[in-house]
Each structure stands twice: as C-alpha cells, then as structure tokens.
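Chains, contacts and geometry: an overview
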Amino acid sequence: MRKSLYEAIREGRFVEIAAGEFDALRENGVIVDDDVDEYAVLAGNYDRAVSAESEVYDLTLLPSLDCNLRCWYCFETHVVGSRMDASVREAVFRHVELVCRRDHIKYIRVELFGGEPLLYFREELYPLLRRIKDLAASRDKEASFFFVTNGVCITDEMIPLFAELNAGFQISIDGYREKHNAVKKIPGSDEDVYGRVIRSIHRLAESYGTYINLRINYDDQTLHHIEDVIRDIIDINPQRLGIHLERVWQTARDGGRRYDMSRVLAFIMANGFTVSYMNLHRKHVSCKASNANQAVISFNGDVYKCSGRDFSEKHREGRLEADGRIEWERAKLDRRMGIRTFDNALCRGCNLLPLCCGPCCQKQIDSPGEYERYCQKRLMEISLEDYLIYQFKNEILRRKIYESQHD
Ligand code: SF4
Ligand code: SF4
Ligand code: SF4
C-alpha cells in the first residue's frame, strides 16, 4: 500500500481514495461501514461453519493407539497391539455411507491419526480408505485423505497406494539428526530414524503431487540447528513441502539459549519454503472439534471430538454402532457444542479475533474462564509487528511458488 493511501485511510480522508481502490479495500474488510456489527458477522460465520448444514464432514480415524516410537512428550496412553478389527472397519464404512446420504455434504475429509496410523496400512487401512474413496466418488462427493504420521513406516511399496488416495501428510520431526534420533527412538534399536524419515519424505515428494507439512517440534535448543534440517531438504520442490513450527508444549521457555524466531522464519523462507507459525490463519472456528459434522473414531469404536487429549474413557463422547450411527453422550456433546470459543470479554476486544477465534473448546472445557492462559498473543515468541511482516513475506513466497506451478 502506498504511504499516501495508508495515511488517507488512517486519517479518514476517504474522499481522496480512487473509487476502484476504495471498493477493493471495502471488499477485503480494510474499510468497514460504520453500521456493520463486525462481531455479529463473525458470530454468524462461526455458527454456519459449526452447523450440521455445513458442506464438509471431518472424520478422524485412529486405526491404532499403539506407536512404534515413544516420544517423551507424547500425551497419549499407548494401547500396545491395538488395531481396528474388521467389524469396526465395516462400521466406519457404514458411517461414511450415512454421511454420503446427506445431500448437502460435498466434502469428506478423512484424517488418519493415532498412535501411529501407518502400522497396519497395507492390510487393514488402505482397503478401507479405498472403499471410502470409491463410495464418495459414486455419490458425487469428494473424499480427501491426510496422514498425521512419524513417517517411520513409509516404504516404497506404500507410495503407489498413497498416490491412488492422493494423500497428503503431516510428518513430525524433532529438529536435526541428533536431536530427532534422541527423541524418536525405536525401542531397542539405534537406527538413524531421522535419516529414514528424510529419505521417505524425498521419495514421497518426488512421486506424485502430494503436499507434506513438515512439522518441526521444537524446544529452546532445536531452532539453533535449523540450517541442518534445511540442508537435508533443500532439494525438495517447495510446492510439495512446507514447514510448520510447533513448540513442544511441555517446554516452557526456560532461559536456555534463545533463538531469534524472526530470523528462523526468515531463514526458512529465504531457502524457498513457506512456513507456518502460530494458529492465526483460522477460518471461522478455532478447531474442527467444534463442528457438528465431525467425529474422531478410535480403533475399538469409541468416539471422541477432540484429538488433542488422551483417548481414555474420561474423554470419550460416543460409540460407533455396527450400523454406522454414532451414539453420542449427549451431555458431554452439548457442553462442547454450547461453547462459542471467542464469546468472552478478552477475545471480543481483540483485533486478532477473526484469525484466531479464541482458545479451542477443549481448553475451555478443561480450564473454564482461563482465556488469558491460552491466548495466542501471550504465547507468541515474536512481536506482533514482526509476525505481520513474516506473514506478509510468507504470502508473497506462497504466491510465487504457486504461480511457478503454472509456468
Ligand atoms: S510418534 Fe506421535 S504417537 Fe508416537 S510416541 Fe511420538 S508423539 Fe506419540
Ligand atoms: S486440544 Fe483443542 S485444538 Fe487440539 S484437537 Fe482438541 S479441541 Fe482441537
Ligand atoms: S484474545 Fe487471545 S485467544 Fe482471544 S482472539 Fe485474541 S489472540 Fe485469540
């Protein structure tokens, strides 16, 4: 934006703005009419997004609550040897059949989570997902598949199956080789797990038009070594891979060697990769767990809404029946669905509200009224000004990458 235009807006000299520019600024919400109730607009958007009338259905499957690794910070109680048996897989398929009968649903987004979702991929999970994909196509719906995985189980033989599903990925690493191998150890083995995962990421990125969100779990030390990670992925096409930075939540900053987050973000972008940091790009809701059209189905048919707490009886909110219906525990569900996550004085007065939507419903169930504790502004490790500059540069980079796809 030109400085003169910025100053005209700032000082309310709207008559000096050319009509075309004025319309564009208004359409994009930079200039808002005095009589618009912006909070009511946000509340309306939220209510529509979480409503059962939404055209999206979010289904998360937990094919196993076992994992081949034992990260120290894992919040889950692993259920050793757990896997989804044929009767639960059939009930999941019937559940999707019921979803497909709802005309207004256009998109079925299937996320595979766990435990480690790829433990029994070829023999158990893939056939179910293939059936879901074919069913959705036959009912004129679009099904997408997204694996949240540690990447250890990925083999060359799996890649054509992923390609059939046109699957996307979130693969988590704990930083550079030594750090990753210290956290993500295969019990009883000294294998270079980092090397294995980086090789798999390369093979995936080279094989079909997938997208990999490379999540780097970091603590106070990790990001000092970001160059090492970038060196190991620098040859990957940035259309196929972006980076997400997520602090390991148990590691409050302890005064250890501080990194400069702005420089870390700039370094990643300078090397051609887009990067996401903090959840300030939300659309209408803070988490899909608030949506009516959403369920997390575990290997044994237990149903949850939130996938960020251990999958115990305490957090269970329903059961999947053999005919595909979910029998919800009404009181728990009603409590969650009754929370409009930003409807509190702190968030109402916050200019980031449209990008954040407030602390998620689970945090508000766990800690009622403690909005400040989970406020993203409080948890952000750079100034808001630096954050905006980073977001702006990241968007320019994203467009450059996207446009080069069409060259
Ligand atoms: S890879 Fe994921 S599921 Fe497995 S132990 Fe680590 S955090 Fe837990
Ligand atoms: S903890 Fe919150 S953000 Fe995470 S899955 Fe649960 S509701 Fe969503
Ligand atoms: S006050 Fe904090 S939690 Fe609420 S909308 Fe703003 S940044 Fe998000």
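Residues numbered from 1 in each chain as written. Chains lettered and ligands numbered in written order. Predicted model: local features only at pLDDT ≥ 70, side-chain atom pairs only at ≥ 80, totals over all residues. Heavy atoms only, no water.

1. Digging into the overall build of the chain
Note the following rule: Comment: elements are numbered from the N terminus, with helices defined as DSSP H or I runs of at least four residues and strands as E runs of at least two. C-alpha atoms define the radius of gyration in this analysis, and the globule rule sets the expected value at 2.2 Å times the number of residues to the power 0.38. Per-residue accessibility, obtained with a 1.4 Å probe over protein chains only, is compared with the maximum for each type, and a residue is labelled buried under 20%, exposed over 50%, and partly exposed between these values. A contact between two residues is defined here by any heavy atoms of the two lying within 4.5 Å. Per-residue and other accessible areas were derived by the Shrake-Rupley procedure at a 1.4 Å probe size, with only the shown protein chains allowed to occlude residues. Only four residue types enter the tally: Lys and Arg on the positive side, Asp and Glu on the negative side; His and the chain ends are excluded. A charged residue contributes its charge at one atom only: NZ of Lys, CZ of Arg, CG of Asp or CD of Glu.
In terms of helices and strands, the chain carries 16 helices and 11 strands. Relative to the 2.2 N^0.38 estimate, which gives 22 Å for 407 residues, the radius of gyration of the chain is 22 Å and therefore close to what a compact globule would have. Projected onto its principal axes, the C-alpha coordinates of the chain cover approximately 70 × 50 × 45 Å. Taken across its 407 residues, the chain has 49% of its residues classed as buried. Across the chain, the fraction of contacts at a sequence separation of at least 24, relative to all contacts at a separation of at least 6, is 71%. About 20400 Å² of surface is accessible on the chain, with carbon and sulfur atoms providing 50% of the total. Charge separation in the chain, taken as the distance between the mean sites of 58 positive and 65 negative side-chain charges, equals 1 Å.

2. A word on the site of ligand 3
What counts here: We call a residue near a molecule or strand when any one of its heavy atoms sits within 4 Å of it. In the scheme used here, Gly and all other residues not listed as nonpolar or charged are polar, with Ala, Val, Leu, Ile, Met, Phe, Trp, Tyr, Cys and Pro taken as nonpolar and Asp, Glu, Lys and Arg as charged.
By nearness alone, every residue bordering ligand 3 is listed as L346, C347, C350, L353, C356, G358, P359, C375, Q376 and K377. Mapped onto the shell around ligand 3, the elements with two or more residues apiece are α12 (345–348), α13 (353–356) and α15 (376–379). Taken together, the residues of the shell around ligand 3 sort by class into 7 nonpolar, 2 polar and 1 charged.

3. Notes on the site of ligand 1
In the vicinity of ligand 1, the contacting residues are C67, L69, R70, C71, C74, H78, G115 and N150. For the shell around ligand 1, the per-class residue count stands at 4 nonpolar, 3 polar and 1 charged.

4. Some words on the domain arrangement of the chain
Threshold: Domain delimitation in this document rests on an assignment produced automatically or drawn from a domain database.
In terms of domains, the chain is made up of domain 1 (1–27) and domain 2 (51–332). The C-alpha-based centres of domain 1 and domain 2 are spaced at 43 Å.

5. Observations concerning the pairing of strand β2 (residues 107–112)
For clarity, the threshold we go by: Only when DSSP finds a minimum of two bridges between them are two strands counted as paired. Assignment of crossover handedness uses the view with strands pointing away from the viewer, where a clockwise path from the first strand over the helix to the second indicates a right-handed crossover.
Bridge count for strand β1 (residues 56–62) against β2 is 6 bridges, and the pairing is parallel. Bridge pairing in β2 links T60 to E111. Between the parallel pair β1 and β2, the chain is carried across by helix α4 (residues 86–100), and the sense of this crossover is right-handed. Of the strand pairs in this sheet, β2 and strand β3 (residues 142–149) are connected by 6 bridges, and their pairing is parallel. Note on β3: the bridge partner recorded for E111 is F146.

6. Some words on the packing of helix α8 (residues 193–207) against helix α9 (residues 226–233)
Helix packing for two helices is described by the angle between their axes and how far apart those axes are. Stated precisely, the cut-off is as follows: Note on geometry: axes are C-alpha line fits, over the in-contact stretch for helices, and angles between N-to-C directions span 0 to 180 degrees. Here roughly perpendicular refers to angles of 65 to 115 degrees, roughly parallel to angles under 35, roughly antiparallel to angles over 145, and oblique to all remaining angles.
Their axes nearest at 10 Å, the elements α8 and α9 cross at an angle of 45°. Here α8 is positioned oblique relative to α9, judged by the angle of their axes. Residue-level contacts link Y194, I198 and H202 of α8 to D228, V229, D232 and I233 of α9. Classifying every residue of the contact of α8 with α9 gives 4 nonpolar, 1 polar and 2 charged.

7. Comments concerning the packing of aromatic side chains
Going by this rule: Centres within 6.5 Å make a pair out of two Phe, Tyr or Trp rings, where for Trp the six-membered ring is used; the pair is then stacked when the planes are under 30 degrees apart, edge-to-face when over 60, and tilted otherwise. Lysine NZ or arginine CZ positioned within 6 Å of the ring centre and within 35 degrees of the ring normal marks a charge as sitting over the ring.
Evaluation of the coordinates by the stated rule reveals 14 aromatic pairs. Measuring from centroid to centroid gives 6.1 Å for F14 and F22, while their planes differ by 75°, and the two rings are edge-to-face. Ring geometry for Y46 versus F342: centroids 5.5 Å apart, planes at 80°, classification edge-to-face. Here F342 lies in the loop between α11 (330–337) and α12 and Y46 lies in helix α3 (residues 38–50), a separation of 296 residues in the sequence. With respect to class, Y46 is no different from F342; both count as buried. A network of ring pairs unites the aromatic residues F121, Y126, F147, F162 and F169 as a single cluster. Taking NZ or CZ as reference, R131 lies 3.7 Å from the ring centre of F93, over its face.

8. Side note on unusual backbone geometry
The peptide bond linking G114 to G115 adopts the cis configuration, its omega dihedral lying at 15°. Of note, the phi angle at D140 is positive, near 65°, even though the residue is not glycine. Looking at the secondary structure, you find D140 in the loop between α5 (121–138) and β3. Phi is positive for C357, which is not a glycine, with a value near 70°. Mapped onto the elements, C357 comes out in the loop between α13 and α14 (361–366).

9. Things to note about α9
As a reminder, the rule being used: To obtain the arc, one takes the directions from the helix axis to the C-beta atoms.
All of the buried residues along α9 are I226, V229, I230 and I233. Burial along α9 is one-sided: seen end-on, the buried residues are contained in an arc of 95°. Those residues of α9 hidden inside the fold are in contact with β4 (168–173), α8, β5 (212–218), β6 (241–247) and α10 (261–270).

10. What about the pattern of salt bridges?
This is how the line gets drawn: The working definition used for a salt bridge is a side-chain nitrogen of Lys or Arg within 4 Å of a carboxyl oxygen of Asp or Glu.
Under the defined criterion, the tally for this structure stands at 37 salt bridges. In this structure, the salt-bridge partner of R2 is E21, at a minimum N-O distance of 2.9 Å. Highlighted residues: R2 in the segment before α1 (3–10) and E21 in helix α2 (residues 19–27), separated in sequence by 19 residues. Residue R336 is joined to E317 by a salt bridge in which the shortest nitrogen-to-oxygen separation is 2.5 Å. Remark: E317 occurs in the loop between β9 (302–304) and β10 (318–320) and R336 occurs in helix α11; sequence separation between them is 19 residues. The same class applies to R336 and to E317, which are both buried. By sharing partners, the salt bridges in this structure join D302, R316, R319, E329 and K332 into a single network.

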